[in-house]
Amino acid sequence: MEIFSGLADGFATILQPQYLWAAFLGVFLGTLIGVLPGIGPVAGITLLIPFTFALDGISTLVMLSGIYYGAQYGGSTTSILVNIPGESASVITAIDGHEMARQGRAGPALAVAAIGSFVAGTVAIVFLMLLAPALVPVALSFGPAEDFALMVLGLSLASLLSGGSILKALLSLLLGVLLAVVGLDPISAQPRFTFGTTELAAGIQIVALIVGLFGLAEVLGALETGRMGPQVQSRVGRLLPNREEARRSVGPIGRGTVLGFIIGLLPGGGGIISSLVSYAVEKGVSKNKDEFGKGAIEGVAGPESANNSATTGAFVPLLTLGLPSNAVMAVILTALIVQGLQPGPRFITDNPQLFWTFIASMYVGNVVLLILNLPLVGVWASVLRIPSRILFPIVVMLIFVGVYSVNQSVFDLLVMVVAGVVGYLMRRSDFPVAPLVLAFVLTPRLEQSFRQSLLISAGDTGIFFQGAITPALLITAVAVIGVGFLLPLISARRARTTLEDLA
Amino acid sequence: MMNITLDKAVAALFLALALYGVYAASQMPMTLGSQIGPGVFPLGVTIAFAVVAAVHLALALRQPEPMSAGSSDEPPQQDASLRRQVAVLVTLLIAVVAVTRVGYAVTMTTLVAVSLYLFEERRPLVVAAVAVSVTAVSYLLFVVTLGVRMPLGPTL
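Residues numbered from 1 in each chain as written. Chains lettered and ligands numbered in written order. Predicted model: local features only at pLDDT ≥ 70, side-chain atom pairs only at ≥ 80, totals over all residues. Heavy atoms only, no water.

1. Looking at the overall build of chain A
Okay, so step 1: The number of helices and strands found in chain A is 22 helices and two strands.
Okay, so step 2: For chain A, the C-alpha atoms occupy an extent of roughly 70 × 65 × 55 Å along the three principal directions.
Okay, so step 3: The long-range share in chain A, meaning contacts at least 24 apart out of those at least 6 apart in sequence, stands at 79%.
Okay, so step 4: With the model as given, the accessible surface of chain A reaches about 18,300 Å², and the carbon-plus-sulfur share is 67%.
Okay, so step 5: Side-chain charges in chain A split into 25 positive and 26 negative, and the spacing between the mean points of these groups amounts to 11 Å. (Helix = DSSP H or I, 4+ residues; strand = E, 2+ residues; numbered from the N terminus. Contact = heavy atoms within 4.5 Å. Areas by Shrake-Rupley, 256 points an atom, 1.4 Å probe, with all protein chains shown as cover. Lys, Arg positive; Asp, Glu negative; His and termini not counted. Charge placed at Lys NZ, Arg CZ, Asp CG, Glu CD.)

2. Side note on the overall build of chain B
Okay, so step 1: Broken down by element type, chain B carries five helices and two strands.
Okay, so step 2: For chain B, the N- to C-terminal ordering of α and β elements is α-β-β-α-α-α-α.
Okay, so step 3: Counting the 156 residues in chain B, one finds 40% classified as buried.
Okay, so step 4: A fraction of 57% describes how many contacts in chain B between residues 6 or more apart in sequence connect residues 24 or more apart. (Buried < 20%, exposed > 50% of the residue type's maximum accessible area, 1.4 Å probe, protein only.)

3. With respect to the packing of aromatic side chains
Okay, so step 1: Going through the model one piece at a time under the given rule, you end up with 18 aromatic pairs over all chains.
Okay, so step 2: With centroids separated by 5.1 Å and ring planes inclined at 65°, the aromatic side chains of A:Phe127 and A:Phe261 adopt a geometry described as edge-to-face. Remark: A:Phe261 occurs in helix 11 (residues 243-265) and A:Phe127 occurs in helix 6 (residues 106-140); sequence separation between them is 134 residues.
Okay, so step 3: In this structure, A:Lys168 is placed above the aromatic ring of A:Phe431, and the distance from its NZ or CZ to the ring centre is 5.2 Å.
Okay, so step 4: One Lys or Arg, B:Arg122, reaches over the ring of B:Tyr117 and ends 4.0 Å from the middle of that ring. (Phe/Tyr/Trp six-rings, centres within 6.5 Å; stacked < 30°, edge-to-face > 60°. Lys NZ or Arg CZ within 6 Å of the ring centre and 35° of its normal.)

4. Some points on the interface of chain B and chain A
Interfaces are often sized by the accessible area lost when the parts come together.
Okay, so step 1: On the side of chain A, 58 residues touch chain B, which itself brings 63 residues to the contact.
Okay, so step 2: Around 5,500 Å² of area is buried between chain B and chain A when both sides are counted, 82% of it from carbon and sulfur atoms.
Okay, so step 3: Our count for the chain B to chain A interface comes out at two salt bridges.
Okay, so step 4: For A:Arg389, the salt bridge is made with B:Glu121, and the minimal N-O distance between the two is 2.8 Å.
Okay, so step 5: Where chain B meets chain A, there are six residue pairs in polar contact (both at pLDDT 80 or more).
Okay, so step 6: Those elements that place two or more of their residues in the side of chain B that touches chain A are helix 1 (4-26), strand 2 (35-36), helix 2 (40-62), helix 3 (74-102), helix 4 (104-118) and helix 5 (124-145) of chain B.
Okay, so step 7: Element by element, the count of residues in the side of chain B that touches chain A is highest for helix 2 of chain B, at 12 residues.
Okay, so step 8: Broken down by class, the residue content of the side of chain B that touches chain A amounts to 46 nonpolar, 11 polar and six charged. (Buried area = accessible area lost by both parts, 1.4 Å probe. Salt bridge = Lys/Arg side-chain N within 4 Å of Asp/Glu carboxyl O. Polar contact = N/O pair within 3.5 Å; in protein donor to acceptor, adjacent residues only side chain to side chain. Nonpolar A, V, L, I, M, F, W, Y, C, P; charged D, E, K, R; others polar.)

5. With respect to the nonpolar core
Okay, so step 1: Of all hydrophobic cores here, the largest spans 198 residues; its most connected members are A:Leu128, A:Phe214, A:Phe315, A:Ile332, A:Ile359 and A:Phe400.
Okay, so step 2: Setting aside residues up to four positions removed in sequence, A:Phe400 forms contacts with A:Leu413, B:Leu92, B:Ala95, B:Val96, B:Val99, B:Met108 and B:Leu111. (Core = buried A, V, L, I, M, F, W, Y, C linked by side-chain atoms within 4.5 Å.)

6. Some words on unusual backbone geometry
Residues and elements named next belong to chain A.
Okay, so step 1: Not every positive phi belongs to a glycine, and Ala189 is a case in point at roughly 60°.
Okay, so step 2: Mapped onto the elements, Ala189 comes out in the loop between strand 1 (183-184) and strand 2 (191-192).
Okay, so step 3: Note on Ala189: relative accessible area 45%, which makes it partly exposed.

7. Structural notes on the packing of helix 4 of chain B against helix 5 of chain B
All names here are of chain B.
Okay, so step 1: At a minimum axis separation of 8 Å, helix 4 and helix 5 run at an interaxial angle of 135°. Considering the angle they form, helix 4 stands oblique to helix 5. The crossing of helix 4 and helix 5 is right-handed. Residues Tyr104, Ala105, Met108, Thr109, Val112, Ala113 and Leu116 of helix 4 pack against Val127, Val130, Ala131, Val132, Val134, Thr135, Ser138, Tyr139 and Phe142 of helix 5.
Okay, so step 2: Of the residues assigned to the contact of helix 4 with helix 5, the class counts are 13 nonpolar, three polar and no charged. (Axes fitted to C-alpha atoms, helices over the stretch in contact; angles between N-to-C directions. Parallel < 35°, antiparallel > 145°, perpendicular 65-115°, else oblique. Left-handed = near helix turned anticlockwise from the far one by under 90°.)

8. Quick word on the packing of helix 11 of chain A against helix 13 (residues 298-313) of chain A
Residue and element names in this part refer to chain A.
Okay, so step 1: It is at 6 Å that the axes of helix 11 and helix 13 come closest, and there the two elements cross at 30°. It follows that helix 11 is roughly parallel to helix 13 by the angle criterion. Note that helix 11 runs across helix 13; the crossing there is right-handed. Here Arg248, Ser249, Pro252, Ile253, Gly256, Thr257, Gly260, Phe261, Gly264 and Leu265 of helix 11 lie close against helix 13, whose contacting residues are Glu298, Ala301, Gly302, Ser305, Ala306, Ser309, Ala310, Thr312 and Gly313.
Okay, so step 2: A breakdown of the residues in the contact of helix 11 with helix 13 according to their chemical character gives seven nonpolar, 10 polar and two charged.

9. Points about the confidence of the model for chain B
Residues and elements named next belong to chain B.
Okay, so step 1: Summarising the model, chain B shows a mean pLDDT of 85, and 88% of its residues fall at 70 or more.
Okay, so step 2: Mean pLDDT across the secondary structure elements of chain B bottoms out at strand 1 (residues 31-32), with 77, and peaks at helix 4, with 94.
Okay, so step 3: Across the assembled chains, the prediction reports ipTM 0.90 with pTM 0.82. (pLDDT = per-residue confidence, 0-100.)

10. Description of the environment of A:Val478
All names here are of chain A.
Okay, so step 1: Structurally, Val478 can be placed in helix 22 (residues 469-502).
Okay, so step 2: A residue is classified by how much of its surface remains accessible, and Val478, at 61% relative accessible area, is exposed.
Okay, so step 3: In sequence terms Val478 and Ile95 are 383 residues apart; their C-alpha atoms lie 36 Å from each other.

11. A short note on the pattern of salt bridges
Residue and element names in this part refer to chain A.
Okay, so step 1: Taken as a whole and judged by the stated rule, the model has 18 salt bridges over all chains.
Okay, so step 2: Notably, a salt bridge pairs Arg105 with Glu245, separated by 3.1 Å at the nearest N-O pair. You can see Arg105 sitting in the loop between helix 5 (91-102) and helix 6 and its partner Glu245 sitting in helix 11, a full 140 residues away along the chain. Across the pair, exposure class does not vary: Arg105 and Glu245 are buried alike.
Okay, so step 3: Salt-bridge contacts for Asp350 lead to Arg346; the nearest nitrogen and oxygen are separated by 3.7 Å.
Okay, so step 4: The class for Asp350 is partly exposed, based on a relative accessible area of 46%.
Okay, so step 5: Within this structure, Asp185, Arg192, Glu447 and Arg451 form a network of salt bridges that share partners.

12. Considering the side chain of A:Ser457
Residues and elements named next belong to chain A.
Okay, so step 1: Mapped onto the secondary structure, Ser457 falls in the loop between helix 21 (434-456) and helix 22.
Okay, so step 2: Accessibility expressed as a relative area gives 19% for Ser457, which makes it buried.
Okay, so step 3: A polar contact of 2.8 Å, which involves the side chain of Ser457, links it to the backbone oxygen of Asp460.

13. What to know about the environment of B:Ala113
Okay, so step 1: The residue B:Ala113 is located in helix 4 in this model.
Okay, so step 2: When the C-alpha positions of B:Ala113 and B:Gly44 are compared, they lie 47 Å apart, and in sequence the two are 69 residues distant.

14. Focus: the environment of A:Ile390
Okay, so step 1: Of note, A:Ile390 is situated in helix 19 (residues 388-407).
Okay, so step 2: Linking A:Ile390 and A:Val211, residues 179 residues apart in sequence, is a C-alpha distance of 20 Å.
Okay, so step 3: Excluding residues that lie within four positions of it along the chain, A:Ile390 makes contacts with B:Leu116, B:Glu121, B:Val126 and B:Val130.

As structure tokens, then:
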């Protein structure tokens, strides 16, 4: 009953014009960000953070979450029509979605992606609504040692699942931790890595860092590719899927919804991994395996449902444990902290109105997403006519205004430029940037729980090996890193064996 | 496509940064009365950073250099890209210095115009129209509507 009354209160709030407007604006901007190749959701949301300062906490959360799931869907439009994923989670959609477009079936591909996203998003909210409050008592039982171990595990999983070399992921993560301790020590006010400057005493400004790492690095990357013209696009044609296409989409949407939600719960999980897993599952269970890669509608329905469901799933660890599971969530966490809201074990009990309004906003947002995307698909397709040579100079200006507006600080702009160069070099040499951002956001809490634990135990590190939860979490974290090192070795050995067999 | 030489350079840079971090953290107090001091956490992190960076650099140095591609059009293209990237960064740095002196309108119009040129939009009328209109719209949206505080220039 508590759920229903909470949800009713949430709807009563969200249906007020200013919150409906925030939901609409969030979904609209998110879809736009997703449609435009080159501006991912992380850079897009980060750019918009300074402009949420004028909003209240509810509007901020509603708008930013709308941007997130709007971007997840918007990316599929670009994938299907021009074979360039608007954001990483849509890479998989491009395989069969673009093939469908080439066969003159762009409309059904876009419609199935929209309907799948809507169904998955709506069902996943029910899971979120039931699971998040149920996790609160568990989260509240955590002391500083458990909190520390949980964050170590979260960061380990994020490193493993960021893809590529685990060593590079760990380096990225440790760089994020190091950057986060720059500034005055919160307990003793001792300067740390400030080089005697007053600007660094306040620490590195997160918006400047993230906008540089994602936004400016994106601009520098675009200059490298030299693709400055408009994107070529296919005709959309008939929009609704026929009976056969609809029948073949039902199973993948259902499986994608469940898989996506579960994967979204994991730190480091989210869009791209859920899409990959869903695609693999659909290919495995399909009776039309040979159609995959040649325009199978299951290859669009499953991954698109999974990545939208994962978006919702990722809010569970954020709202109950204060643990962002990916870089977008880290940015949303930052925006909420700026608003004076601290997601964590007490978030739902201390802010029931905000939580239930947020849940209701996701239902509303999913309806807005469907309305914006099905009838207006032609409008979104026309956005792709904006040439990159016009788009990126506008992004350069937004980056500049966005960073400056936070503190009116010229130093923040310099930090953004340096971060942009670092982010670009990291991408060029295959260092994942997401672990850096997650570590940067989580380190203040990580260090605080580490020091509180040692304060409670009078400096005895044995506190991290007491009880069942802390050691279990830490051992799992070590095992996760171990798996990260072992997997490439196993793959290399298999490849060698195969080559020897062939010889 | 990963660049092996760049990978080694980034790995070396990370190791140098980590070693400096270990040195700087070791100069911080390790105790604070009966509590652990502000240096313990950074020291632990920088040591771990240095170890991982050293292992990564060692592995990167074992990677073979890529074969020379011979004569191709890529190097001149890469040089052109690099020049444009550096030009964008320099333009941004000039804008950083200029914004508090000449204000939002002049800085943003110039920044957008130069960026358009660097992104190969060379039609003067288009450059002027986009630079002025984008600056005007952004001013109305951010400064007037959203109340974002931006320096408006010496005369305002």
